[in-house]
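For reference, the chains in residue letters:
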Amino acid sequence: MQWTLVVPVKPLARAKSRLADTADDGVRPSLALAFALDTVAAALACPQVGDVAVVTDDLRAGRELAALGAAIVPDEPGGGLNAALDHAVRAVRASRPESPVAALNADLPALRPAELSRVLNSAGQFPRAFLPDAAAIGTTLLAAAPGSEFRPAFGTDSRARHRASGAVELALDQVDSVRQDVDTGEDLRAALALGVGRHTAAAAARLLIPGQ
């Protein structure tokens, strides 16, 4: 079963504000782009992934992610993350209605293709399923089978919101790289400990990170 992944990337100038204690305003856009590049590169290397659609209006992100092989879907609604995901999923399903779809966070710089395969194989057993993040509060992946409503509920307490929406929570171990999103300096240190992709490694090398 070949999945289409939808990866939302917000304008880089506004990305990762919670990393202010680790990266200044001049560095954070490049760091956010590095996260997205490593996430998409790992996703495209996953055998279960047929293609990746990035939803973004950021020209730089769109150009560099397209160069990796991702399709770019403009964020036409401009109504926030969940509206962007709904829009992108509709666009994907219009051309590939038989494919299961999953939204994947763009800030998973330690993502391993083999671990993503495990998550997608498990998600494929249910109409809708999600994977909670490392903090057990948010969500890093939301999946839906063909014909199933997508109904994204990302944002504050998205784990509880996705569970309340009827999506099945995937209880998997040894998929840390799919759970470890990066919002804070502590998250970045945890991702670095797992081992990040080359773009994030290069960007992080320019930072002074206590405990690295």
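Our subject is the structure listed above.
Residues numbered from 1 in each chain as written. Predicted model: local features only at pLDDT ≥ 70, side-chain atom pairs only at ≥ 80, totals over all residues. Heavy atoms only, no water.

Caption draft 1: Representation of the packing of helix α1 (residues 28–44) against helix α2 (residues 59–68) within the structure. The N-to-C vectors of α1 and α2 enclose an angle of 25 degrees; their axes lie 10 Å apart at closest approach. On the basis of the axis angle, α1 is roughly parallel to α2. Note on packing geometry: the crossing formed by α1 with α2 is right-handed. Contacts between α1 and α2 involve S30, L33, A36, L37, V40, A41 and L44 on the former and, on the latter, R60, A61, E64, L65 and L68. Residues belonging to the contact of α1 with α2 are distributed by class as follows: 9 nonpolar, 1 polar and 2 charged. (Axes fitted to C-alpha atoms, helices over the stretch in contact; angles between N-to-C directions. Helix = DSSP H or I, 4+ residues; strand = E, 2+ residues; numbered from the N terminus. Parallel < 35°, antiparallel > 145°, perpendicular 65-115°, else oblique. Left-handed = near helix turned anticlockwise from the far one by under 90°. Contact = heavy atoms within 4.5 Å. Nonpolar A, V, L, I, M, F, W, Y, C, P; charged D, E, K, R; others polar.)

Caption draft 2: Seen up close, the side chain of T4. In this structure, T4 sits in strand β1 (residues 3–8). Given a relative accessible area of 1%, T4 falls into the buried group. (Buried < 20%, exposed > 50% of the residue type's maximum accessible area, 1.4 Å probe, protein only.)

Caption draft 3: Spotlight on the pairing of strand β6 (residues 139–144). Counting buried positions along β6 gives 6 out of 6 residues, so the element sits mostly inside the fold. Of the strand pairs in this sheet, strand β4 (residues 101–104) and β6 are connected by 4 bridges, and their pairing is antiparallel. Bridging from a neighbouring strand, V101 pairs with A144 of β6. Sheet topology places strand β5 (residues 128–132) next to β6; 5 bridges connect them, and they run antiparallel. Considered in β6, the bridge of A129 is made with A143. The turn joining β5 and β6, which pair antiparallel and follow one another in sequence, is formed by 6 residues; a positive phi near 60 degrees is taken by A136. (Pairing = 2+ DSSP bridges.)

Caption draft 4: Examining the layout of surface pockets more closely. As a volume, the largest pocket reaches approximately 1,100 Å³. As for the largest pocket, its lining consists of 42 residues, and the residues nearest its centre are K10, K16, L81, D107 and D183. For the lining of the largest pocket, the secondary-structure elements that each account for two or more residues are α1, α3 (81–95), β4 and α7 (185–194). Classifying every residue of the lining of the largest pocket by side-chain character gives 20 nonpolar, 10 polar and 12 charged. (1 Å grid on protein atoms, 1.4 Å probe; cavity = no way out; pocket = protein on both sides within 12 Å on 5 of 7 lines; lining within 4 Å. Points joined across faces, edges and corners; volume = space filled by probe spheres on them.)

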